[in-house]
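Tertiary structure, described
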Amino acid sequence: MKKYIPKIIGNGINAIGFLTPKYAAHLSIVLFSSPKKGKTNEKQAAYLKSAQQDELICNDIKIKTYQWPGKKDTILLAHGWESNTYRWKDLIELLKAEDYNVIALDAPAHGSSGGKIFNALIYSECILAVAKKFKATTIIGHSVGGMATAFGNYNLPIDHVEKLVLLGAPADFTGVFSRYIDMMGYNKRVSKAMNTYVLKRFNNLPEYFNAAQFTQEFKAKGLIVHDKKDRIIPYKDGLKFKQNYTNGEFVSTKGFGHGLKSDLVYNHILDFLNT
């Protein structure tokens, strides 16, 4: 029954779309932007107490930050959809052992940060704000955290950010949008209204927000990692980054899925940071 719920909701929004496409688009975008999971639980909070915790305000949203101090370069970690800083636990421990200064943030509407609405554009501004505050030299982003990192680096590149690591990142917004539309079963009327909504809200149609193409202009060195068995973000998205990120190195893995939580991946990251 659970697997049919998105289609049931989608059919309801399609029905609304016949009467008021604009309102149907609003409902679909709000649903698309409202995470159902990702808040910090007790186990995760217990581990995160080992960090120095702080917060900053970005776009009127309270953003929670965590720091594990070290003497080497500052590494900023940006998690993905319906997740939080705890997802980095294993990598954090490895970076601490190398004496890196480790920073992480909870995205809007995730972890212990405020807000109810999330999208990659809002997240990109929050990532930049944290990177500036802590003078990060490297940003590591997973999934939409990687996409948001690319958006931010394209719109407002920071001179002291010298390296980017994009793990299982979506290559373009049209792909993310189309997968959402397919999952919900939205009809063409609602899909068209959604594109109009994005244009009005963000001054560009969805196809403009192409993270892979944005990387063509990046001065920061890049490491792109994508798994052939990724069932959330297709492997072809990683290949788009490979094709466009001229200053980037591409690593293909198999068997680690979308999470990419493995010693092999972490060793690639450490080698990239240490060179």
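What you see is a predicted model; the values in this text were computed from it and never measured. (Residues numbered from 1 in each chain as written. Predicted model: local features only at pLDDT ≥ 70, side-chain atom pairs only at ≥ 80, totals over all residues. Heavy atoms only, no water.)

1. Describing the sheet that holds strand 8 (residues 248–253)
The 8 strands are arranged 1-2-4-3-5-6-7-8 in an open sheet whose pairing can be described as mixed. Only two strands of the sheet have a single neighbouring strand rather than two, namely strand 1 (52–58) and strand 8. Each strand of the sheet is rotated relative to its neighbour by a mean of 20°, with strand direction disregarded. Relative to strand 4 (residues 101–105), strand 3 (residues 74–78) runs parallel, the two sharing 5 bridges. Its bridge partner lying in strand 4, Thr74 is registered against Asn101. Against the sheet, helix 5 (residues 120–134) touches strand 1, strand 2 (61–68), strand 3, strand 4 and strand 5 (138–142), its axis set at about 125° to strand 1. Against the sheet, helix 6 (residues 144–155) touches strand 3, strand 5 and strand 6 (163–167), its axis set at about 135° to strand 5. (Pairing = 2+ DSSP bridges. Helix = DSSP H or I, 4+ residues; strand = E, 2+ residues; numbered from the N terminus. Axes fitted to C-alpha atoms, helices over the stretch in contact; angles between N-to-C directions. Contact = heavy atoms within 4.5 Å.)

2. Some details on the environment of Lys7
Position of Lys7 among the secondary structure elements: in helix 1 (residues 5–19). Residue Lys7 is classed as partly exposed on the basis of its relative accessible area of 36%. Those residues within four positions of Lys7 in sequence are excluded, and the remaining contacts are Asp182, Met183, Met184 and Gly185. A polar atom in the side chain of Lys7 sits 3.1 Å from the backbone oxygen of Asp182. (Buried < 20%, exposed > 50% of the residue type's maximum accessible area, 1.4 Å probe, protein only. Polar contact = N/O pair within 3.5 Å; in protein donor to acceptor, adjacent residues only side chain to side chain.)

3. Regarding the packing of aromatic side chains
Applying the stated criterion to the full structure yields 19 aromatic pairs. On the numbers, 5.4 Å between centres and 70° between planes, the contact of Tyr180 with Tyr186 is edge-to-face. With relative accessibility at 7%, the residue Tyr180 sits in the buried group. Through a chain of ring-to-ring contacts, three or more aromatic side chains come together here, namely Phe32, Phe151, Tyr154, Phe173, Phe177, Tyr180, Tyr186, Phe202, Tyr208, Phe209 and Phe214. The ring of Tyr100 has Lys72 sitting right over it, with the charged end atom 4.4 Å from the ring centre. Over the aromatic face of Trp88 sits the side chain of Arg87, whose NZ or CZ is 4.7 Å from the ring centroid. (Phe/Tyr/Trp six-rings, centres within 6.5 Å; stacked < 30°, edge-to-face > 60°. Lys NZ or Arg CZ within 6 Å of the ring centre and 35° of its normal.)

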